[in-house]
Amino acid sequence: MMHQPGNGTVARHSSSNQIMSPKTEATIRKATQPDLQVGLICADGNGNRIRIDRIDMDAARDIGTVAYHFVNDELRVQEGIQERSIDQFLKQGWYTAAPGRSL
């Protein structure tokens, strides 16, 4: 018998009572310019992951570049640094995880 909290007993909860995220909540989505920040991990459609190392932005001309490294499963650097304009980077179709989620 399960007792309700507040009457001097402790409620017991089973794993089936865990709160689930709504199905409409996107956990992985395409990266957009506001997402870009140093340290962000992104993945492409094949599961290749990168870590953004540097973002250079020229606000006056609304252009910039993103520098990144490919990383392995342990998030260790795999290749030399790559650099692309922000537009090129976003057109490559990188994905990012929702806050608190991982790729």
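Before reading further, recall that the structure is shown in the block above.
Procedures and definitions
Residues numbered from 1 in each chain as written. Predicted model: local features only at pLDDT ≥ 70, side-chain atom pairs only at ≥ 80, totals over all residues. Heavy atoms only, no water. Helix = DSSP H or I, 4+ residues; strand = E, 2+ residues; numbered from the N terminus. Buried < 20%, exposed > 50% of the residue type's maximum accessible area, 1.4 Å probe, protein only. Areas by Shrake-Rupley, 256 points an atom, 1.4 Å probe, with all protein chains shown as cover. Phe/Tyr/Trp six-rings, centres within 6.5 Å; stacked < 30°, edge-to-face > 60°. Core = buried A, V, L, I, M, F, W, Y, C linked by side-chain atoms within 4.5 Å. Contact = heavy atoms within 4.5 Å. Salt bridge = Lys/Arg side-chain N within 4 Å of Asp/Glu carboxyl O.

**So, the overall build of the chain**
In terms of helices and strands, the chain carries one helix and six strands. Counting from the amino terminus, helix and strand elements in the chain follow one another as β-β-β-β-β-α-β. Across the 103 residues in the chain, those meeting the buried criterion constitute 25%. With the model as given, the accessible surface of the chain reaches about 7,600 Å², and the carbon-plus-sulfur share is 49%.

**Examining the packing of aromatic side chains**
Using the criterion set out here, one finds five aromatic pairs in the structure. Each ring, one from F89 and one from W94, has its centre 5.9 Å from the other, and the planes form 15°; the classification is stacked. Each of the two residues, F89 as well as W94, counts as buried. Through a chain of ring-to-ring contacts, the aromatic side chains of Y68, F70, F89 and W94 assemble into a single cluster.

**Digging into the nonpolar core**
Core analysis: the largest hydrophobic core is formed by 11 residues, namely L36, L40, C42, I50, I52, V66, Y68, F70, I86, F89 and W94. Elements supplying a minimum of two residues to this core: strand 3 (49-58), strand 4 (63-71) and helix 1 (86-91). No other element matches the three residues that strand 4 contributes to this core. Apart from the residues within four sequence positions on either side, Y68 is in contact with I50, R51, I52, D53, G80, I81, Q82, R84, F89, Q92 and W94.

**Focus: the pattern of salt bridges**
For the structure shown, the criterion picks out five salt bridges. Two residues, R54 and D56, come together in a salt bridge whose shortest N-O distance is 3.0 Å. Classification of R54 by relative accessible area gives partly exposed; the value is 33%. Between E83 and R54 there is a salt bridge whose closest N-O contact spans 2.7 Å. Here the residue E83 occupies a position in strand 5 (residues 82-85), and R54 occupies one in strand 3, the gap between them amounting to 29 residues. Connected through salt bridges with shared partners, the residues R54, D56 and E83 form a single ionic network.

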